[in-house]
Amino acid sequence: MSGHGQEENRQVNEALRSNLTKDMLEEVEETFQAACDPSGILSASRLPLALKALGMSIHHVEDSKMYNDGVDLDKFIEIVLICMKHPNWAANEMNEVFSIIDKDKSGNIDPQELRRIFARLGENLMETEVADQVREFDIDGDYEMAVAEFYKMIGSTRGSDFVFEDNLH
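Because the structure is predicted, anything quoted here is derived from the model rather than measured.

**Student:** Is there a simple way to think about the packing of helix H2 (residues 22–35) against helix H4 (residues 73–84) in this case?
**Tutor:** Angle between the axes and distance between the axes: these two values describe a pair of packed helices. Where H2 contacts H4, the two axes come as close as 10 Å, and the packing angle between them is 125°. Judged by the angle between their axes, H2 and H4 are oblique. Relative to H4, H2 is oriented so that their crossing is right-handed. Across from Met24, Leu25, Val28, Glu29, Thr31 and Phe32 in H2, the residues of H4 making contact are Leu73, Phe76, Ile77, Val80 and Met84. The residue inventory of the contact of H2 with H4, partitioned by class, reads 9 nonpolar, 1 polar and 1 charged.

Listed below in structure tokens is the structure:
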């Protein structure tokens, strides 16, 4: 490969990696390293297992047959990004985040749980601010957030600024 081609390939690889948080990239790289062969290639037969370890499915990739010869780390990252765009993956991730926040497993996020999560994210809100947040997205008026209400919050302009990372556990 020419010097120009290598530079272009490096830029593409950096662009792919920039779409993932540092923690996500580490998890993807660790998963790849655990599943690939010694030459650094993830075989087509192990690709579905590696994706499953990340909560994804090869079925989220339209033309998965093009990976029959296996993939390197950069191609694996590209596949992961394709899977992340699939609506089922996003819904599964949102449900997982919801269940992490719903500490008492009631099926709803109450104001105390919401306040705790905001505090974990560095936002120390007063009770009145949390109450306002709940009221803004509470569709049924029960002063708690069901899954649909949580989706509404996350999908809102204000809600989309929230970053839910692994530090929620």
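Once you've had a look at it, read on.
**Student:** Could you clarify how one ought to interpret unusual backbone geometry in this entry?
**Tutor:** The phi angle of most residues is negative, glycine excepted, and most peptide bonds adopt the trans form. Notably, lysine 105 is not glycine yet its phi reads approximately 55°, a positive angle. Among the structural elements, lysine 105 can be located in the loop between helix H5 (87–101) and helix H6 (111–120). The phi dihedral of tyrosine 143 is positive, around 65°, even though this residue is not glycine. With respect to the helices, strands and loops of the structure, tyrosine 143 is situated in the loop between helix H7 (127–137) and helix H8 (147–155).

**Student:** What should I look at first to understand the side chain of aspartate 102 in this one?
**Tutor:** Mapped onto the elements of the fold, aspartate 102 is located in the loop between H5 and H6. Put simply, aspartate 102 is tucked away with no salt bridge, and the nearest opposite charge, on lysine 105, sits 5.9 Å away. Apart from the residues lying within four places of it in its own chain, the contact partners of aspartate 102 are Gly107, Asn108, Ile109 and Glu113.

**Student:** I'm lost on the pattern of salt bridges in this one. Help?
**Tutor:** Opposite charge on two side chains lets them pair, provided their charged atoms get close. Under the defined criterion, the tally for this structure stands at 4 salt bridges. Glutamate 78 is paired through a salt bridge with lysine 75; the nearest N and O atoms lie 3.3 Å apart. One end of the pair is glutamate 78 and the other is lysine 75, both in helix H4 and 3 residues apart, which spans about a single turn. The class for glutamate 78 is partly exposed, based on a relative accessible area of 28%. Note on lysine 75: relative accessible area 26%, which makes it partly exposed. Across the salt bridge formed by aspartate 132 and arginine 135, the nearest N and O atoms sit 2.9 Å from each other. Pair noted here: aspartate 132 and arginine 135 are both in helix H7, with a separation of 3 residues, about one helical turn. For aspartate 132, a relative accessible area of 45% corresponds to the partly exposed category.

What counts as what
Per-chain numbering applies: the sequence of each chain, read as written, is numbered from 1 onward. It should be noted that, the model being predicted, local features are given only for residues of pLDDT at least 70 and side-chain atom pairs only at 80 or more, the latter also being counted only at that level, while totals for whole chains, interfaces and linings use all residues. Hydrogens and waters are ignored; side-chain quantities use all the structure's heavy atoms. To get an axis, fit a line to the C-alpha atoms, keeping to the stretch in contact for a helix; angles then go from 0 to 180 degrees between the N-to-C directions. Segments assigned H or I by DSSP are reported as helices when at least four residues long, segments assigned E as strands when at least two residues long, and all are numbered from the N terminus. Orientation categories follow fixed angle ranges, with anything under 35 degrees roughly parallel, anything over 145 roughly antiparallel, 65 to 115 roughly perpendicular, and all other angles oblique. The hand of a helix crossing depends on one turn: near helix anticlockwise from the far one by less than a right angle means left-handed, and clockwise means right-handed. The contact criterion used throughout is that any non-hydrogen atoms of two residues lie within 4.5 Å. Basically, the charged four are Asp, Glu, Lys and Arg, the nonpolar ten are Ala, Val, Leu, Ile, Met, Phe, Trp, Tyr, Cys and Pro, and anything else, Gly included, counts as polar. Remark: exposure states derive from per-residue accessible area (1.4 Å probe, protein chains only) relative to the maximum for the residue type, with buried under 20%, exposed over 50%, and partly exposed in between. Counted as positive: Lys and Arg. Counted as negative: Asp and Glu, with His and the chain ends omitted from the count. Salt bridge criterion: a side-chain nitrogen from Lys or Arg within 4 Å of a carboxyl oxygen from Asp or Glu.

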